[in-house]
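What the coordinates show
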Amino acid sequence: MNKEEYIDLFRALGFHNIEIYKTLKHRKPISSLYFNHKYGFVSFVAYAQDEHRFPAHLWERIPPQKKKDDKPNLITIVPKAGRERQAFEDLLA
């Protein structure tokens, strides 16, 4: 999905103040998830301690996309292709 499709998805799922390069906000408490976009590629950065909230059947761990995200306490992830909506619905459940 491109960033516009993600923004539409986030709006449909009740996220607010959706900004690229910012932490996603929702009325329900969710794990800190940073919305990243670099070179036309969307990724997300979360705390490693929350890795259990991003199951392998819905999320893929990828190398950090930005130098500041290459820290041991952070992970860079993306929803698996075709499962983006399910990944975020699972996160909100």
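Every value quoted in this text rests on a predicted model; they were computed, and no experiment measured them.

**Points about the side chain of Glu84**
Among the secondary structure elements, Glu84 is positioned in helix H2 (residues 84–92). For the buried Glu84, which has no salt bridge, the nearest side chain bearing the opposite charge is Arg83, at an N-O separation of 8.4 Å. A polar contact of 3.0 Å, which involves the side chain of Glu84, links it to the backbone nitrogen of Gly82. Once you skip the residues sitting within four places of it in the chain, Glu84 turns out to touch Met1, Tyr6, Leu9 and Pro79.

**Details of the sheet that holds strand S4 (residues 33–38)**
Taken together, five strands build an open sheet; the order of strands is S2-S4-S5-S7-S6 and the sheet is antiparallel. One side of each edge strand has no neighbouring strand; the edge strands of this open sheet are strand S2 (22–23) and strand S6 (59–62). The pairing of S4 with strand S5 (residues 41–47) spans six bridges and is antiparallel. Counted as the bridge partner of Leu33 is Ala46 from S5. On top of the sheet, helix H1 (residues 3–12) reaches S4, S5 and strand S7 (74–79); it is set at about 155 degrees to S4, its chief contact. Sitting on the sheet, H2 is in contact with S4, S5, S6 and S7, with an inclination near 130 degrees to S7.

**Quick word on the side chain of Ser43**
Mapping Ser43 onto the fold places it in strand S5. Excluding anything up to four places from it in sequence, Ser43 contacts Tyr34, Phe35, Asn36, Ile62, Gln65, Thr76, Ile77 and Val78.

**Brief notes about the environment of Leu74**
Here Leu74 lies in strand S7. In this structure the C-alpha to C-alpha distance between Leu74 and Pro64, which are 10 residues apart in sequence, comes to 8.8 Å. With residues near it in sequence (within four places) discarded, Leu74 still touches Val45, Ala46, Tyr47, Ala48, Arg61, Lys68 and Asp69.

**Quick notes on unusual backbone geometry**
A negative phi angle is the norm for most residues apart from glycine, just as the trans form is the norm for most peptide bonds. Residue Asn17 is not a glycine yet carries a positive backbone phi of 50 degrees. The topology assignment puts Asn17 in the loop between strand S1 (15–16) and S2. For Tyr21, which is not glycine, the phi dihedral falls at a positive 70 degrees. Considering the arrangement of structural elements, one finds Tyr21 in the loop between S1 and S2. On the basis of relative accessibility, which here comes to 40%, the residue Tyr21 falls in the partly exposed class.

Parameters at a glance
Residues numbered from 1 in each chain as written. Predicted model: local features only at pLDDT ≥ 70, side-chain atom pairs only at ≥ 80, totals over all residues. Heavy atoms only, no water. Helix = DSSP H or I, 4+ residues; strand = E, 2+ residues; numbered from the N terminus. Buried < 20%, exposed > 50% of the residue type's maximum accessible area, 1.4 Å probe, protein only. Lys, Arg positive; Asp, Glu negative; His and termini not counted. Salt bridge = Lys/Arg side-chain N within 4 Å of Asp/Glu carboxyl O. Polar contact = N/O pair within 3.5 Å; in protein donor to acceptor, adjacent residues only side chain to side chain. Contact = heavy atoms within 4.5 Å. Pairing = 2+ DSSP bridges. Axes fitted to C-alpha atoms, helices over the stretch in contact; angles between N-to-C directions.

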